[in-house]
Amino acid sequence: MKTLEQLGIKVPEILLPKNIDVSTWSVIACDQYTQDLDYWKKTEETVNGKPSTLNLILPEVYLNSPDKAQRIEKIRQSMKSYLSNHVFAEPKNCFVYVERTTAFGRTRKGLVAQIDLETYEWKPFSKANIRATEATIVDRIPPRKEIRQGAPLELPHIMLLVNDKDGVLVEDCGKLAKKKAPLYDGNIMMNGGKITGWELSSESEIEAVTEAVNKIADKNSAADGSTFLFAVGDGNHSLATAKAVWDEYKAELVEKGASETELKNNPVRYALVEIVNIYDTGLTFEPIHRVIFNIDSHSLIQNLSEKLDGTFREVTTAEELESSVKKSEADFGFVFTENGQQKYYLLSTKITELAVSRLQPEIDTFLKNLSSTEAEIDYIHGTEEVFRLGAQNNSTAILLPPISKDSFFETINGRGPLPRKSFSMGEADEKRFYLECRKLFN
C-alpha cells in the first residue's frame with residue numbers, strides 16, 4: 001500500500017477562527033458574481049467589520065479596478081493581522097469532512113485535504129495524478145499570481161472530483177468523522193445554505209483515508225503506470241496559479257541550494273482543496289449551452305451533422321425538442337428563427353463520450369472557416385435563455401445534452417481537458433465558500 005505522500009496527498013494544518021461564526025466568516029468563491037457588484041456590497045454589509053474571509057480575498061468583480069494594487073496590499077495586511085492578533089485558534093493537523101446543504105435542498109459531502117502540486121498538471125494529455133477538466137486559459141493565471149505570491153495564507157475554493165462509485169473515500173471516512181463533535185456548524189450568508197465540518201486526525205482515521213485513496217488509485221491506474229486520481233471540478237485557474245507560483249519559488253530555492261527534504265516540506269508546494277465524489281447525489285452537473293450569432297443556421301446544422309456522423313430532423317415544438325435532448329447523452333437541439341417563425345431541429349449522434357468534447361471543436365472549425373468575421377459565440381446557462389436567444393434573428397442556439405458522470409473521467413483521460421465552458425457544478429450559490437485556511441508564505 002502506498003503512503004498518502006506517494007499519492008500526492010498530505011494532512012494539512014488547518015486554521016480556523018476562535019469561536020468561529022460561519023455566518024460572517026465564510027464568503028463565496030471570488031470568481032462568482034463577477035458582474036454583480038451589488039452582491040459583493042451586500043456581502044460587505046453582512047460582514048459588518050467582523051473577521052471574515054472577505055478580507056482575505058479579491059472578488060474578481062474588482063479584478064480590473066483601478067485600486068486593485070491597494071486591495072491586494074490590504075489583503076496581505078489583513079492576513080498578517082489575523083495571524084499576529086490571534087484571530088485563529090491553534091492549527092489542527094487534520095483532514096476536514098464537510099457536509100454542505102445548499103438553499104436548493106441538496107447536501108454535498110467533501111473532504112478538505114492538501115495536495116502536492118508536483119502531482120498536478122493542467123496541460124492537455126497529462127498523465128499526472130491530478131488533471132484539469134477544462135481548457136486552461138493561460139492569460140487568467142498572472143492576475144491570480146499577484147494575489148498568491150508572498151501571501152501569508154491560502155483559502156481554498158478549489159474542488160477536486162474523485163471517481164469513487166463505491167464511496168470509500170469521502171462518504172465512508174465521513175461516517176468516522178461524524179462520531180465526534182463538529183469543528184464548525186452554521187448557516188452561510190447570501191443564500192449559501194448550511195455547512196458543518198468534522199476533523200479526521202486520529203491514527204485510525206488517517207489510515208482509513210490512506211486505504212480509501214489506495215483503493216481508488218488501484219481502480220484508476222492505467223497500463224502505462226499512470227493514475228488518474230482527481231479531476232479539477234472547480235477552481236482550475238486557481239490551482240494552475242498555485243502550480244505556477246510553486247514552480248517559480250522552487251526554482252529560486254534550488255538556485256539557493258535547497259535540499260529535496262526542504263523542497264518537500266515547503267508549504268508553497270501544496271494547495272488546500274476540497275475533494276468531492278463525482279457520484280455524490282448532492283453534486284449536480286449542468287451543461288452550458290451555446291448560442292452563435294450572425295451565421296446561417298442550416299449550414300451550421302448540416303456541417304455538424306456531417307462532422308459528427310449524425311442525423312437531423314425538424315421537430316414541431318420546443319417541449320418536444322427539450323424533452324428529446326434531456327433523455328439522451330448524444331442528442332443536440334437547435335433553435336433559430338426563420339421568416340419570423342421559430343424552428344427546432346434535433347441532431348442525433350452516436351457519441352459515447354461527453355458530447356461537448358466532440359461538438360465544440362467542430363463549432364470552432366466551422367466559425368474559423370467562415371468568410372464573414374461577424375459571427376460570435378456565447379455560453380448560456382439554462383434552457384429558457386436558449387429559447388429566448390433562439391428567437392432573435394441571425395442567432396442559432398444549441399441545447400447540449402446532460403453531462404454523464406459515468407463517462408466523465410474516461411473522456412478526459414482519452415481526449416484531454418474538455419473545451420472551456422463545458423459544464424457547471426450546480427448553481428452559483430452552491431459553489432464553495434471560503435472557510436478553512438492554511439499558512440503559506442512565512
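For the structure itself, look to the data block above.
Residues numbered from 1 in each chain as written. Predicted model: local features only at pLDDT ≥ 70, side-chain atom pairs only at ≥ 80, totals over all residues. Heavy atoms only, no water.

S.K.: In this structure, what is going on with the overall build of the protein? I would like to understand it.
M.R.: For the protein, the count of helices and strands is 13 helices and 22 strands. Against the globule reference of 22 Å for 442 residues, the protein gives a C-alpha radius of gyration of 23 Å, in line with a compact fold. Projecting the C-alpha coordinates of the protein onto the three principal axes gives extents of approximately 70 × 50 × 50 Å. Across the 442 residues that make up the protein, the buried fraction comes to 56%. Contacts spanning at least 24 positions in sequence make up 79% of the contacts within the protein whose residues lie at least 6 apart. Within the structure as shown, the protein displays about 19700 Å² of accessible surface, and the carbon and sulfur contribution to it stands at 46%. Averaging the locations of the 54 positively and 66 negatively charged side chains of the protein gives two centres separated by 3 Å. (Helix = DSSP H or I, 4+ residues; strand = E, 2+ residues; numbered from the N terminus. Rg over C-alpha atoms; globule rule 2.2 N^0.38 Å. Buried < 20%, exposed > 50% of the residue type's maximum accessible area, 1.4 Å probe, protein only. Contact = heavy atoms within 4.5 Å. Areas by Shrake-Rupley, 256 points an atom, 1.4 Å probe, with all protein chains shown as cover. Lys, Arg positive; Asp, Glu negative; His and termini not counted. Charge placed at Lys NZ, Arg CZ, Asp CG, Glu CD.)

S.K.: Sorry, what's going on with the pairing of strand β15 (residues 289–293) here?
M.R.: Strand residues, when the strand is regular, have side chains that alternate between the two faces of the sheet. Burial runs high along β15: 5 of the 5 residues are buried. As defined by bridge partners, β15 adjoins strand β19 (residues 376–380) across 5 bridges and the pair is classed as antiparallel. Within the sheet, the bridge partner assigned to F293 lies in β19 and is E376. Across 4 bridges, the pairing between β15 and strand β20 (residues 395–399) is antiparallel. Looking at the pairing, R290 lines up with I398 of β20. (Pairing = 2+ DSSP bridges.)

S.K.: What's the story with the sheet that holds β20 in this structure? I'm lost.
M.R.: Within a sheet, adjacent strands bond to each other through the backbone by hydrogen bonds, running parallel or antiparallel. Spatially, β16-β18-β17-β20-β15-β19 is the arrangement adopted by the 6 strands of the open sheet, whose pairing is antiparallel. At either end of the open sheet lies a strand with only one pairing partner, and these are β16 (311–315) and β19. The sheet shows a mean angle of 25° between the axes of neighbouring strands, taken without regard to direction. Sitting on the sheet, helix α12 (residues 383–390) touches β15, β17 (331–338), β18 (341–348), β19 and β20, and the angle it makes with β20 is about 155°. (Axes fitted to C-alpha atoms, helices over the stretch in contact; angles between N-to-C directions.)

S.K.: Got a minute to help me understand helix α5 (residues 170–177) in this structure?
M.R.: Each turn of an α-helix holds 3.6 residues, which means side chains three or four residues apart point in the same direction. Every buried residue of α5 is listed here: V170, E171, C173, G174 and A177. Relative to the axis of α5, the buried residues are bounded by an arc of 165° and lie together on one face. The secondary structure elements touched by the buried residues of α5 are β4 (95–101), β5 (107–116), β11 (193–200), α6 (203–219) and β13 (270–277). (Arc of directions from axis to C-beta.)

S.K.: Sorry, what's going on with the environment of G235 here?
M.R.: When you line up the elements, G235 lands in the loop between β12 (230–234) and α7 (236–255). Sequence separation between G235 and C30 is 205 residues; the distance between their C-alpha atoms is 9.9 Å. Not counting the four nearest positions on each side in its chain, G235 is found in contact with H157 and I158.

S.K.: Any chance you could explain the pairing of β18 here in plain terms?
M.R.: Alignment of β16 against β18, held across 5 bridges, turns out to be antiparallel. Within β18, the position partnered with E314 by the bridge is Y345. Inspection of the sheet shows β17 paired to β18 by 8 bridges, in the antiparallel sense. When the sheet's bridge partners are listed, F334 is paired in β18 with Y345. Linkage of β17 to β18, two consecutive antiparallel strands, is achieved through a turn of 2 residues, within which N339 is found at a positive phi near 55°.

S.K.: Sorry, what's going on with the nonpolar core here?
M.R.: One broad rule of soluble globular proteins: the nonpolar side chains tend to lie buried together. Ranked by size, the top nonpolar core spans 49 residues in total, and within it F95, L111, L160, L169, V209, L239 and I275 carry the most contacts. Those residues within four positions of L111 in sequence are excluded, and the remaining contacts are F95, V96, Y97, L169, V170, L200, V209, V273, E274 and I275. Core analysis: the second largest hydrophobic core is formed by 42 residues, I20, Y62, I147 and L153 among them. (Core = buried A, V, L, I, M, F, W, Y, C linked by side-chain atoms within 4.5 Å.)

S.K.: Hey, could you run me through unusual backbone geometry in this one?
M.R.: With glycine set apart, most residues show a phi of negative sign, and most peptide bonds adopt trans. Even without glycine at this site, F125 takes up a positive phi of about 60°. Checked against the element boundaries, F125 lands in the loop between β6 (120–121) and β7 (130–132). In this structure, N294 takes a positive phi of about 60° despite not being glycine. Take N294: its relative accessible area is 33%, and that puts it in the partly exposed class.

S.K.: Whenever I open this one, the packing of helix α9 (residues 297–307) against helix α11 (residues 355–368) confuses me. Can you help?
M.R.: Angle between the axes and distance between the axes are the two parameters that describe a pair of packed helices. At a minimum axis distance of 10 Å, the contact between α9 and α11 shows a crossing angle of 130°. One element, α9, and the other, α11, form an angle in the oblique class. Handedness of the α9/α11 crossing: right-handed. Facing S299, L300, N303, L304 and K307 of α9, the residues of α11 in contact are R358, L359, E362, I363 and F366. Class assignment for the residues of the contact of α9 with α11 results in 5 nonpolar, 2 polar and 3 charged. (Parallel < 35°, antiparallel > 145°, perpendicular 65-115°, else oblique. Left-handed = near helix turned anticlockwise from the far one by under 90°. Nonpolar A, V, L, I, M, F, W, Y, C, P; charged D, E, K, R; others polar.)

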